[in-house]
Amino acid sequence: MKIKQQGLYSPEFEHDNCGAGFICNLKGKRTNDIIHKAIDILIRLEHRGAVSADGKTGDGAGILIDIPHAFFKKVCDFELPDFKSYAVGMVFLPPAANQLNICKEIFEKEVKKQGLEVIGWRKVPIDSSCLGKVAASSEPITQQIFIGKTNDISEEIFNAKLFAARKITEHKIEESGFSESHYFYLPSLSTTTIIYKGLLMPQDINKYYLDLNEPEVVTKLALVHQRFSTNTFPSWELAQPFRYLCHNGEINTLRGNLSRMRAREELFKSEVFGENFKEILPIVSEGKSDSAAMDMVLESLLHTGRSLPEAMMMMVPEAWEKNPSMPGEKKAFYEYNACIMEPWDGPASIPFTDGNYIGALLDRNGLRPSRYTVTKDGYVIMSSETGVIDIKPENVALHGRLEPGKMFLVDMNEGRIIGDEELKESIVSKLPYRKWLDQNLLPLAEVPYTGNKTPVEKIDFVTRQQLFGYTQEDIDTIITPMASLGKEAIGSMGTDTPLAVLSERPQLLFNYFKQSFAQVTNPPLDGIREEIVTDISLCLGEDLNIFEIIPEQCRKLRIQNPVISNDDLDKIKYIKYPGFKSESISILYEAEKGLNGLEARLDEIINEITIAVDNGCNLIILSDRNVNPKLAPIPSLLACSFVHRMAKNHNRRSSFGIVIESAEPREPHHFALLFGYGASAINPYMVNEIIRKLVKNKEIDVEDSEEAVQNFNKAIGKGILKIMNKIGISTLNSYRAAQIFEIIGLHNKFVDKYFINTPTRIEGIGLYEIEKEIQKRFEKAFNPPESSTDLDLEIGGDYRWRRNSERHMFNPATIAKLQQAVKQNNYKSYEDYSKLVNEQSENLMTIRGMFKFKDLDPISIDEVEPWTEIVKRFKTGAMSLGAISQEAHETLAIAMNRINAKSNSGEGGEDPQRFNKDMDGNWRNSSIKQVASGRFGVSINYLSSATEIQIKMAQGAKPGEGGQLPGPKVSPYIAKIRNSTPYVGLISPPPHHDIYSIEDLAQLIFDLKNANRQARINVKLVSKVGIGTIAAGVAKAKGDVVLISGYDGGTGASPLTSLKHAGLPWELGLAEAQQTLLLNNLRSRIIVECDGQLKTGRDVAVACLLGAEEFGFSTAPLVATGCIMMRACHLNTCPVGIATQDPELRKNFKGTPEDVINFMYFVAQELRQIMADLGFRTLNEMVGQSQKLEMNKAIDHYKAQGIDLSKILYKPKIKKDKPLHNTEKQDHCLENVLDFKILKKAHPAIYRKEKMSLNFPINNMNRTTGAIISNEITKIHGEKGLPENTLTLNFKGSAGQSFGAFSTKGMTLNVEGNTNDYFGKGLSGATLSVSVPKLATFKSHENTIIGNVALYGAINGEAYINGIGGERFCVRNSGAKAVIEGIGDHGCEYMTGGIAVILGKIGRNFAAGMSGGIAYLYNPNDNVDVNNFNMELIKLEHPSIEDQKEFKGLIEKHYLYTQSKLAKNILDNWKENSGKFIKVMPIEYKKALQKLKEEKMKQDKSELKTA
Amino acid sequence: MGKIRGFLEYDRAQEETEAVTIRVKNYKEFSKKLPNEDLKEQGGRCMDCGIPFCHSGCPLGNLIPDFNHAVYKNDWKKALRILHSTNNFPEFTGRLCPAPCESACVLGIVEEPVAIEMIEKYIVEKGFQEGWIKPEPPEHRTGKTVAVVGSGPAGLAAAQQLNRAGHLVTVFERDDKPGGLLRYGIPDFKLEKHIIDRRINVMEKEGILFKTNINVGVNFSVEKLQEFDALVLCGGATEKRPLPIPGADAKGIVQAMDFLKNNNQVVDGLKELSEELSAKSKNVIVIGGGDTGSDCVGTSNRHGAESVTNFEIMPMPSTGRTIENPWPFWPFNLKTTSSHKEGVKRNWSIATKEFVKDDQGNLKALKTLNIEWVKGEPGQRPQLKEVPGSEKEWPCELVLLALGFTGPEKSLAQQLGLKLDERTNIKADKTYQTNVANIFTAGDMHRGQSLIVWAISEGREAARHVDEFLTGHSGLPTKGAGDLPTV
């Protein structure tokens, strides 16, 4: 049972992630035992799943096995033919008997129509007693259908007919209108495999499905899966596995994939299905999960003559575009297939099977763990973690892991594993793809130039600029930096202008759209450091029937950067090349006719395109050139999206590519939108003209205008990449038409017509008002007022306040009044300020400004809880020391501590001296310690000093992006706190590299809770559509607090495009989170916090009524301490000493704790007055009482008229006694943590520093081992921990995730066996080692022994790893020294310090973003592939004698801890081997070390002199 | 914008001035232009603020960061264009404005603010020098006629704006030359009069008709004004505040404006300096510590006064900002003008109680009492308290009364049937429209005595509303919202 859409909750935004795995017998031997082993795997992965509020309902689990022919033969009361000549379908049916029967009848009829025979039905024996309440309420009736062949048809035809019968039945029942039609679902229908699944806990799969315990139910393979859904109403059919695959991760590009899939269907033809193909369509049914959709498409591809692995390669290609080492044939295969299908972009680990083969594949980013083990007795086990089945070390033949983009396949007929290379080679060499490409694919660069040129426009330049709304600011702030440097402009602080729909100035249509981004359920990517997996090239032209594998499929125009110059456009416009034909379609309309003219023109455009396409045209150029006093431009986005949509309705979308020739787009956001709604190439001709003029007038420092244009195009390309990466998409091919945006302020009717499926939740304006805005600009351009002194272009004021331009919330008046208020402790001035901010009935800025309080029920203000109680719920925002100065940072902390409120450290660590109170009573400790993706300074000591730990998933100003602290801001003090090197820039990655999905977040929460059991764990999210389900996921992942941030929060530096266009106001996010949490019965378990430009008591009141109980302020307290919104934080020139590290400027800081306290007091007082008016005595009473708000009817604004806020104010109908606020604590289930057992024995070491050594068995369910002990040691001994090797712990087995996390000095943790992901996370001084079991026979340097993302954010300590590590080894390591025998891709990424000695292979993209630390690579055969290094920041050197001494010492210790044979070999022949190392040295780091050395020498000298 | 670290690299530069001993011998302006390179650097000090408070502090809404940037980039022509887009007469404000922009300048929080006013002056001077400032008559005429009464900065601004909108504008001035206070209130050493002529010349060529020596309602009947489609009254607030104490009829007690006006006419060669209005060899006491008082000081010194003394009833302001007047609000700081530097004894918290005459009725001294200002309840004004026993007599032969103005002269308003507001200014709504539909008012006549920059601002804003009144809509610019509030 699903909850219906209501309020802001919509089921389409549910996400899931999970644990997955399989086990099979290499030789194809069938046993019942495999089923139990497989279920055991799931049980051992239970921490990766989740449980509903009822405590019993899992999010779904299931198992795929062979059809147990012998068993069925025995139990069926009808005759069965031979194995494989019949199919078994597992069918979920409605519980209502009548509907059940009708469904069965419909199905039977369709089966017969296909010429097949229904042999019989079998009721599947089940035991419902194990179901949770939620699961039981939606339980279907499960039966099995047995279908036989009537004629002697081939297996292929039989499968096709089964497919058709099932599809048609699904569609028919869906359309039937039965009240229980949603129950009908076929988990499987196959001649080889069968799936038992449901809303079950893993351990209940075989309790529920009794078949599975029958000894005769045997199988050679078992694919298992369990879900972790972000909310608690998952459904039976969405449990996995699906028919051919299961999936751990998320398909980010789903919307684009589905949209393109739908377009392709118009061309579908297949001999197998013949005439009635149309009945099968659509391939993907509505309302299914991403994994289900992927399965359905895969299934259809299998009917196209492609094998299962080939179809998988087509859907999830590895990163081929920028891989110079990839063999040409393989590249050609991928390139060819890229012309047919865009990647289904992960993160995804996908085990798949068709019953004959079983295999798995990892997407290009490799963000999901996939470990496998092959045993000597013939089993292959693959799962998200290693150690899920106990295997004796001597039985292990191989421990491996799936690598990014790689696939492996178990051929149970041949009894062997086919590796990636062999498998793919056989597939890619089947057809002459390279030849086909050479003959058909046309790169834009090779299009012959015809000499034709677009004529110069008749209307003068200035008029046209005015018409398209250009301002001087656009040119200076947006275009100039891109044209001169090829980089996007950076800004700082949050945006505080009105939403487009509330602005009184004509807006470009683009401005009503907000970019979406990844948080929690999937990771954003780093397209700069991980460029190798990204690509923005596009192919355009006509698509063909996907079922045909023919050369013509790649007759496409290929554009490397689809932002094209005027010259390139001319090439396309006047193309004369066989197979290509282009036509320009004007998107101008008759201005005089207004709205009707616009609508009429849009229809004409569709007609013109249809005719053009029918005449063989495959490149359509939508052009807004040649405006004149009669013709006005249609917004390019509107035209593009409409054409994309309508051509589909006319079944012509596949026949052409859309090229945009428009004066409108100028920012990355604009381009991203055009691509996102279907464009394949864009020529911003007006920007080209502007740049040419800038060059001509020498207004930019580029001499050649062509170069400047290219710079701009390049910068836009990078900008688009960044926007794609925010949502976790790597290629523009999959981003195209994916529509990953949310609209704010356009009404549903309009959106349904022009931007279907894009969420828009507060209604707003439509085409009428949009046309009016065009007319405004049109009027101004063509009938300018007669006043000779007017500037050609308006100055603009979107980024910097100007009168006569866009309004800003923080403006001279509000800042002046607020500063006056706090300085003079003058409530009257505060009231002036808050009035200016709050009273928006005339000057609308925000959603909250549109509300009015209602149902007043005044009480005396004396009855309201005192301000001192209220401010305990107030927090200052996360601003790092680094972003702001020490003075400002400490002032906030002192102030907040004085009033028992909380300040937030931000992500830059904190000086331990601040953890204790000063002599004068001031306490500079930030009670909230932030853990962000950079993990700077996140040590056990830091975590132990927190009362709240905040995981920053995203930041309002730039959700989905990382950060960068430029070198000049990294002062020696900052560097010390961040454990880095002074003057070397620091990078925070876009994702947390230990959170790629919801179950990973649960793991990090668990880690942090272990590190400090007293601290609340707070998860910071940014408002976006679907945040409700994410918040529910956070609650289920055991977060104590969830923070919903608005898009308008501040930042120390961010691309301007992100500041303005990414994320949504908190009003939407908060209300959605509150509603979803209530619907899922999770609200009482979690505290909800809100921030994002909270400025006044009224803001707080609105947030509280919408569901928040704690509140964060950042910009306003900064303003109180003197910030004047210079917006120069990124330049280090803040004149008032706040956002700067310049020692001179820091002296200008004049803020005091009193300023901050006054501000908090004023806000609380204002809030108390509102509480009194509304009749609330305490904030708890007030939380979520949204009925006290209504839309202010007095608003007189033509655009705001259409806005409807009812969804925000919606209050789910829940029982009266259910609380609307937090009332209970999360159960973190720490009691079973291994550390407690250890603690019992380790007292002498911890308290008395006595050396001791203890032994324990360990398995993968023992997670985060060491953190609690480390926390205990830190509480007693502080940062310095224990003396070296005081407490030695020896473990045997497979350690769970986060082994050794945050372990402190004096601890030594040794594992004999292996470990999982996040080994040594945040290592704080301990020594870790993992060694191959003594009884094992495999070679250590050929076997994976630890998981991905080891030593993430490690600060100090050592690690010795006797085997291969996974992806991102030593990511963001700042001080640990490690020795390992081989690693995966992206090694030493973002590393800033420490040493990595790698004695074996490295993967691709080594040292990306590595700004500090050193890596030594053992290169005995001198065959390290240089393509594997990311050379942006590093140099390869020969180690010096000193270096050799250093790494020799480490290798010796490696041998000491692990008895590594490899280490021994190297050491035994040291003379010979010492020269076989490569030193990887970051360039900046080297310079900084030199600089420090010189400084020190100078200092020493001067000290000598003074002495 | 500007130079990113410019404010850290360059200090604020001042124009050099002629030595006092030399400059008091004539009535010429006495500042010396900085080299262009230095001016560029001064422009480069501008910090490209996210919120340019200067732009808010300027009543005209001058696009200060934008012209500063243009100057830094050496693009003076662009700078001029930006400057002129909000300000008709930068040559006046660039010399005379007390520069609320500079007191609101963000850089002023931590060091000397950007030299905005100076930059402004040299932008416009460069414009004239290079011939960039040319008459720009409108391309089309609307056929509507407007009369502007008064040719002070408000009237001139209104006239120019309305002319640009295509209306035929006639400016009436009761004095013999246009300019209002610019002409006869401001001494030449602060504004040489050819600067006004230069601008009037441009305006005339743009098609504006100036009719001088016409005192509407006196030598020109108000009925005649009805021929115009609209009227903009910019007559100023010229009702001088008297000092009605014993002996006020003594010879030698002169209103500052009479003194200054006469002197300007003398400098202009229109008349000779009479003994009565000369300060030569006299002990001069200027009562009133404002700008007019300061002008009187400068003028008296140029006359060759024996001594110059200045009284101000308010206490001596602090030299820096106080917590009562935090940035960016207008600071009521001690202001020492160039005239003060030319020689004056300044006294604060002092009240004149009586003028002492000799037998001929000539002034020979005045008597004062010291004042104490007692702080009242919060929100209440401080109370004046005389200090007993602090009587003092000051010998003097000339007293100049610079006590400000009480409002516009009332006769014109009466004749036109206009309502007044509680401060006796002509009452108008937000659109500068009076209770008579086609009569508008702007400048001091509307808001009471104020700054030139406010006068220009009012003239411009009023013009837009007049244009709207005449044609139904207006393309004339407005400064938009965003004026800095008062403390």
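Rules of the game
- Residue positions are given per chain, counting from 1 as you read along its sequence in written order.
- As they are written, the chains are lettered A onward and the ligands numbered 1 onward, keeping that order.
- Given that this is a predicted model, residues contribute local features only at a pLDDT of at least 70 and side-chain atom pairs are listed and counted only at 80 or more, while totals for whole chains, interfaces and linings are drawn from all residues.
- Side-chain measures here rest on the full set of heavy atoms in the structure, leaving out hydrogens and waters.
- Per the convention used, a helix needs a DSSP run of H or I reaching at least four residues, while a strand needs a run of E reaching at least two, with both numbered from the N terminus.
- Using C-alpha atoms as the atom set, the radius of gyration is obtained and then compared with a globule rule of 2.2 Å times the number of residues to the power 0.38.
- Exposure classes here rest on a 1.4 Å probe applied to the protein chains alone. A residue is buried below 20% of its type maximum, exposed above 50%, and partly exposed in between.
- Working rule for contacts: check all heavy atoms of both residues, and any pair within 4.5 Å makes them a contact.
- Asp and Glu are treated as the negative residues and Lys and Arg as the positive ones, with His and the ends of the chain left uncounted.
- By convention, the charge on Lys lies at NZ, on Arg at CZ, on Asp at CG and on Glu at CD.
- In this description, accessible areas are obtained by the Shrake-Rupley approach with a 1.4 Å probe, and a residue is regarded as covered only by the protein chains that are shown.
- Each residue carries a pLDDT value, the predictor's own confidence for that position, ranging from 0 to 100.
- The axes used here are C-alpha line fits, helices contributing only the stretch in contact, and every angle between their N-to-C directions lies in the interval 0 to 180 degrees.
- Relative orientations are named as follows: roughly parallel for angles under 35 degrees, roughly antiparallel for angles over 145 degrees, roughly perpendicular for angles from 65 to 115 degrees, and oblique for any other angle.
- Should a side-chain nitrogen of Lys or Arg be within 4 Å of a carboxyl oxygen of Asp or Glu, the pair is scored as a salt bridge.
- Polar contact is defined as a pair of N or O atoms within 3.5 Å, subject to the rule that within protein one atom must be able to donate a hydrogen and the other to accept it, and that residues adjacent in sequence are counted only when both atoms are side-chain atoms.
- All residues other than Ala, Val, Leu, Ile, Met, Phe, Trp, Tyr, Cys, Pro, Asp, Glu, Lys and Arg, Gly among them, are scored as polar; the first ten of these are nonpolar and the last four charged.
- Paired strands are those between which DSSP finds at least two bridges.
- Assignment of crossover handedness uses the view with strands pointing away from the viewer, where a clockwise path from the first strand over the helix to the second indicates a right-handed crossover.
- The directions considered for the arc run from the helix axis to the C-beta atoms.

### Here's the deal with the overall build of chain A
Step number 1: Along its length, chain A carries 46 helices and 52 strands.
Step number 2: Here the C-alpha radius of gyration of chain A, 32 Å, is about what a compact globule of 1507 residues would show, namely 35 Å.
Step number 3: Taking the principal axes of its C-alpha atoms as reference, chain A extends roughly 90 × 85 × 70 Å.
Step number 4: Among the 1507 residues that make up chain A, the fraction classed as buried is 70%.
Step number 5: Long-range pairs, those at least 24 residues apart, make up 74% of the contacts in chain A with a sequence separation of at least 6.
Step number 6: The averaged location of the 187 negative side-chain charges in chain A is 3 Å from the averaged location of its 181 positive side-chain charges.

### Description of the overall build of chain B
Step number 1: Of the regular secondary structure elements, chain B holds 19 helices and 18 strands.
Step number 2: Compactness check: chain B gives a C-alpha radius of gyration of 23 Å against a globular reference of 23 Å for 487 residues, within 12% of the reference.
Step number 3: By its C-alpha atoms, chain B is 65 × 60 × 50 Å across when sized along the principal axes.
Step number 4: Taking all 487 residues of chain B together, 56% fall into the buried category.
Step number 5: Contacts in chain B between residues at least 24 apart in sequence constitute 69% of all its contacts with a sequence separation of at least 6.
Step number 6: Total accessible area on chain B is roughly 20,400 Å²; 50% of this is exposed by carbon and sulfur atoms.

### Observations regarding the confidence of the model for chain B
Step number 1: A residue-level look at chain B finds 99% of positions with pLDDT of 70 or above and a mean pLDDT of 95.
Step number 2: Across the whole predicted complex the pTM is 0.95, and at the interface the ipTM reaches 0.95.

### Let's talk about the packing of helix α15 (residues 472-485) of chain A against helix α21 (residues 705-726) of chain A
Angle between the axes and distance between the axes are the two parameters that describe a pair of packed helices.
All names here are of chain A.
Step number 1: Two numbers describe how α15 lies on α21: the axes approach to 6 Å, and their chain directions differ by 110°. Between α15 and α21, the interaxial angle falls into the category roughly perpendicular. The residues of α21 that touch α15, namely those facing Ile 479, Met 482, Ala 483 and Ser 484, are Ala 708, Asn 711, Phe 712, Ala 715 and Ile 716.

### Concerning the interface of chain B and chain A
Step number 1: On the side of chain A, 40 residues touch chain B, which itself brings 53 residues to the contact.
Step number 2: Counting the contacts that link chain B with chain A gives 5 salt bridges.
Step number 3: Residue B:Asp66 pairs with A:Arg802 through a salt bridge whose shortest N-O separation is 2.9 Å.
Step number 4: At the boundary of chain B and chain A, one finds 17 residue pairs in polar contact (both at pLDDT 80 or more).
Step number 5: Sorting the residues of the side of chain B that touches chain A by element identifies α1 (6-9), α4 (53-57), α5 (64-72) and α6 (76-84) of chain B as the ones contributing at least two each.
Step number 6: Top contributing element to the side of chain B that touches chain A by residue count: α6(B), with 4 residues.
Step number 7: Of the residues in the side of chain B that touches chain A, the class split is 30 nonpolar, 12 polar and 11 charged.

### Concerning the environment of B:Ser318
Residue and element names in this part refer to chain B.
Step number 1: Its place among the elements puts Ser 318 in the loop between β10 (307-311) and α16 (338-341).
Step number 2: Given a relative accessible area of 29%, Ser 318 falls into the partly exposed group.
Step number 3: Once residues within four sequence positions are removed from consideration, Ser 318 is found in contact with Asn 333 and Leu 334.

### So, the pairing of strand β4 (residues 168-172) of chain B
Residue and element names in this part refer to chain B.
Step number 1: Counting buried positions along β4 gives 4 out of 5 residues, so the element sits mostly inside the fold.
Step number 2: Pairing of strand β3 (residues 145-149) with β4 involves 5 bridges; the strand directions are parallel. By the bridge assignment, Val 146 is partnered in β4 with Val 169.
Step number 3: Read from β3 through helix α10 (residues 153-164) to β4, the crossover connection turns out right-handed.

### Focus: the sheet that holds strand β17 (residues 442-443) of chain A
Step number 1: Here 3 strands make up an open sheet; going across it, the order is β17-β21-β20 (chain A) and the pairing mixed. For this open sheet the edge positions go to β17 and β20 (538-540) of chain A, each flanked by a neighbour on one side alone.

### A short note on the sheet that holds strand β22 (residues 582-586) of chain A
All names here are of chain A.
Step number 1: Taken together, the 4 strands give an open sheet; going across it, the order is β22-β24-β26-β27, and neighbouring strands pair in parallel fashion. The open sheet has two edge strands with one neighbour each: β22 and β27 (679-684). Each strand axis lies, on average, 20° off the axis of its neighbour in the sheet, ignoring direction.
Step number 2: The sheet contact formed by β22 and strand β24 (residues 619-623) spans 5 bridges and is parallel. Note that in β24 the partner of Ser 582 across the bridge is Leu 619.

### Points about the pairing of strand β9 (residues 283-287) of chain B
Residues and elements named next belong to chain B.
Step number 1: The buried count for β9 comes to 4 of 5 residues, which makes it a mostly enclosed element.
Step number 2: Here β9 runs beside β10; their pairing, made up of 5 bridges, is parallel. Counted as the bridge partner of Val 286 is Asn 310 from β10.
Step number 3: A crossover links β9 with its parallel partner β10, the connecting element being helix α15 (residues 291-303), and its sense is right-handed.
Step number 4: By the bridge criterion, 4 bridges tie β9 to strand β16 (residues 398-401) in an arrangement that is parallel. By the bridge assignment, Val 286 is partnered in β16 with Leu 400.

### Section: the packing of helix α34 (residues 1066-1079) of chain A against helix α35 (residues 1097-1106) of chain A
Residues and elements named next belong to chain A.
Step number 1: The geometry of α34 relative to α35 is characterised by a closest axis approach of 9 Å and an angle of 30° between their N-to-C directions. Taken together, α34 and α35 sit at an angle that is classed as roughly parallel. Residues Trp 1066, Glu 1067, Leu 1070, Ala 1071 and Gln 1074 of α34 form the contact with α35, whose participating residues are Asp 1099, Val 1102, Ala 1103 and Leu 1106.
Step number 2: Taken together, the residues of the contact of α34 with α35 sort by class into 6 nonpolar, 1 polar and 2 charged.

### Details of helix α13 (residues 433-440) of chain A
Residues and elements named next belong to chain A.
Step number 1: Taken as a whole, α13 has its buried residues at Tyr 433, Trp 436, Leu 437 and Asn 440. One side of α13 carries all its buried residues, which in axial view fall inside an arc of 100°. Residues Asp 438 and Gln 439 are exposed on α13 and point more than 90 degrees away from its buried face.
Step number 2: On the buried face of α13, the contacting elements are α10 (308-315), α11 (328-338), α12 (420-428) and β17.

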